Amino acid sequence: MPTSENGPPPPVYREIAEELREQIRSGRFADGDRLPGENVLMERHGVARATARQALSVLINEGLAVAVRGSGVYVRLFRPVRRHGARRLARELWGAGRAIWQTDSDDRGYEVDRLRVEEAAARDHVARVLGLAEGEPILLRSRRYLVDGRPVQTAVSHLPLAVVGDEPRFREHDTGPGGIYARLAERGLAPARFTEEIRVRMPTPEETGALTLAPGTPVLEVARTALTAEHRPVEFNAITMDGSAYVLQYDFEA
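Keep in mind that what you see is a predicted model, and the values were worked out from it rather than measured.

1. Points about the overall build of the protein
Here is step 1: Scanning the protein from terminus to terminus reveals nine helices and ten strands.
Here is step 2: With the C-alpha coordinates of the protein rotated into their principal frame, the extents come out at 70 × 45 × 30 Å.
Here is step 3: Considering the protein as a whole, with its 254 residues, one finds that 43% of them fall into the buried category.
Here is step 4: For the protein, restricting intrachain contacts to residue pairs at least 6 apart in sequence, the fraction spanning at least 24 positions comes to 57%.
Here is step 5: Of the roughly 13,700 Å² of accessible surface on the protein, a fraction of 50% belongs to carbon and sulfur atoms.

Printed below as a string of structure tokens:
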């Protein structure tokens, strides 16, 4: 097997993938364009079908392309959403009537769909996090977020009914300027501290469908708790993010 000064050459499928990658970066293939299929790559490079399939799989796993069953592999260019962990939850943002998503999506805008609001019983870890007894009533606010028309995140807020009280806007689709954190502040329960736990895992079939994830794409699972200055938990938010759509930014003082 021929070698180079730096070791053996990369496998043929990686060379083909690199050629396609450069063509995407140069603009020859734009977002939504169909890439050469397995048959074309086999003929062009004189390789077996398995090699051509591996080359396309590299781009799919990198998030540069997506396979559409029965149609082909298409370029999927998407500028990642930069999620600034601390800045997006700052009180000066939601306290001024802005949505925390305005920090994430910049000037691209965002959409919210599949919004569902319902009462449920607190179970397992949710009850523990919110300091409730098993089965105590809570309000659930489930929704999905899209940027540039692409689903990037689902979120389910869990709010104790004792916190929500009789404020009707918690149950409405539009909770008003500043969202639920501003509404909590109006009730004297302003979040003063947030905790987030983040882990990476492979998605469930339901999450794959909701976020239209390409094969092999992981998700980021974020568990966020909002607490008042008296350390009372007022919201638990279970967030699932498309791992290929985000850059997470955190700033720290040395």
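2. Observations concerning the packing of aromatic side chains
The description of an aromatic ring pair uses the distance of the two centres, along with the angle that the planes make with each other.
Here is step 1: For the coordinates displayed, the defined rule picks out three aromatic pairs.
Here is step 2: Taken together through their ring pairs, the aromatic side chains of Trp94, Tyr181 and Phe194 make up a single cluster.

3. Considerations on the nonpolar core
Here is step 1: Judged by nonpolar contacts, the single largest core of 31 residues is most densely connected at Trp101, Val152, Phe170, Tyr181, Leu184 and Tyr246.
Here is step 2: For this core, the secondary-structure elements that each account for two or more residues are α4 (91–94), β5 (137–147), β6 (150–160), α7 (161–164), α8 (179–186), β8 (219–227) and β9 (233–242).
Here is step 3: A per-element tally of this core places α8 first, with four residues.
Here is step 4: Non-local contacts of Leu184, meaning those with residues more than four positions away in its chain, are made with Val163, Phe170, Leu189, Ala190, Pro191 and Val234.
Here is step 5: With 21 residues, the next largest nonpolar core counts Ala17, Ile24, Leu41 and Leu64 among its residues.

4. Digging into the pattern of salt bridges
Here is step 1: This model, assessed by the stated rule, comprises 17 salt bridges.
Here is step 2: Arg49 is the salt-bridge partner of Glu38, the closest N and O atoms lying 3.1 Å from each other. Placement of the pair is Glu38 in helix α2 (residues 38–45) and Arg49 in helix α3 (residues 49–61), with a sequence separation of eleven residues.
Here is step 3: A relative accessible area of 36% places Arg49 in the partly exposed class.
Here is step 4: Through salt bridges that share partners, Glu167, Arg169, Arg183 and Glu186 make up one connected network.

5. Notes on unusual backbone geometry
Here is step 1: We note that Arg114 has phi near 50°; this positive angle belongs to a residue other than glycine.
Here is step 2: Mapping Arg114 onto the fold places it in strand β4 (residues 111–121).
Here is step 3: The phi torsion at Asp148 lies on the positive side, around 55°, for a residue other than glycine.

6. Focus on the environment of Asp166
Here is step 1: Positionally, Asp166 belongs in the loop between α7 and α8.
Here is step 2: Owing to a relative accessible area of 69%, Asp166 belongs among the exposed residues under this scheme.
Here is step 3: Spatially, the C-alpha atoms of Asp166 and Pro177 are 18 Å apart, while their sequence positions differ by eleven residues.

7. With respect to a nonpolar patch on the surface
Here is step 1: A cluster of nonpolar residues, Ile198, Tyr250 and Phe252, forms a patch on the protein surface that exposes about 330 Å² of accessible area.
Here is step 2: Here Phe252 shows up in the segment after β10 (246–249).
Here is step 3: The class of Phe252 is exposed, set by a relative accessible area of 72%.

8. Quick look at the pairing of strand β2 (residues 72–75)
Here is step 1: Here strand β1 (residues 65–68) pairs with β2 via four bridges, running antiparallel. Bridge assignment links Val68 to a residue of β2, and that residue is Gly72.
Here is step 2: Taking the residues that link successive antiparallel strands as the turn, the β1-β2 hairpin has three residues, and the phi of Gly70 there is positive, at about 80°.

9. Quick notes on the side chain of Arg143
Here is step 1: With respect to the element layout, Arg143 can be found in strand β5.
Here is step 2: No salt bridge is formed by the buried Arg143, whose closest oppositely charged neighbour, Glu235, lies at an N-O distance of 4.8 Å.
Here is step 3: Of the polar contacts made by the side chain of Arg143, one reaches the side chain of Tyr145; its length is 3.0 Å.
Here is step 4: Dropping the residues within four chain positions of it, Arg143 is found in contact with Val112, Asp113, Arg114, Leu115, Gln153, Thr154, Ala155, Val156, Ser157 and Asn237.

10. Re the sheet that holds β5
Here is step 1: Reading across from one edge, β4-β5-β6-β9-β8-β7 is the order of the six strands in this open sheet, with antiparallel pairing throughout. Here the strands that pair on one side only, and so sit at the sheet edges, are β4 and β7 (193–201). Ignoring which end each strand starts from, the neighbouring axes of this sheet average 15° apart.
Here is step 2: Looking at chain direction, β5 and β6 are connected through ten bridges and run antiparallel. In the strand pairing of β6, Ile138 is matched with Pro160.
Here is step 3: Along the sheet, α8 contacts β5, β6, β7, β8 and β9; its crossing angle with β9, the most-contacted strand, is approximately 175°.

Reading the values: the criteria
- Residues numbered from 1 in each chain as written.
- Predicted model: local features only at pLDDT ≥ 70, side-chain atom pairs only at ≥ 80, totals over all residues.
- Heavy atoms only, no water.
- Helix = DSSP H or I, 4+ residues; strand = E, 2+ residues; numbered from the N terminus.
- Buried < 20%, exposed > 50% of the residue type's maximum accessible area, 1.4 Å probe, protein only.
- Contact = heavy atoms within 4.5 Å.
- Areas by Shrake-Rupley, 256 points an atom, 1.4 Å probe, with all protein chains shown as cover.
- Phe/Tyr/Trp six-rings, centres within 6.5 Å; stacked < 30°, edge-to-face > 60°.
- Core = buried A, V, L, I, M, F, W, Y, C linked by side-chain atoms within 4.5 Å.
- Salt bridge = Lys/Arg side-chain N within 4 Å of Asp/Glu carboxyl O.
- Patch = residues over 30% accessible without salt bridge, like charges linked within 9 Å, V, L, I, M, F, W, Y side chains within 5 Å.
- Pairing = 2+ DSSP bridges.
- Lys, Arg positive; Asp, Glu negative; His and termini not counted.
- Polar contact = N/O pair within 3.5 Å; in protein donor to acceptor, adjacent residues only side chain to side chain.
- Axes fitted to C-alpha atoms, helices over the stretch in contact; angles between N-to-C directions.

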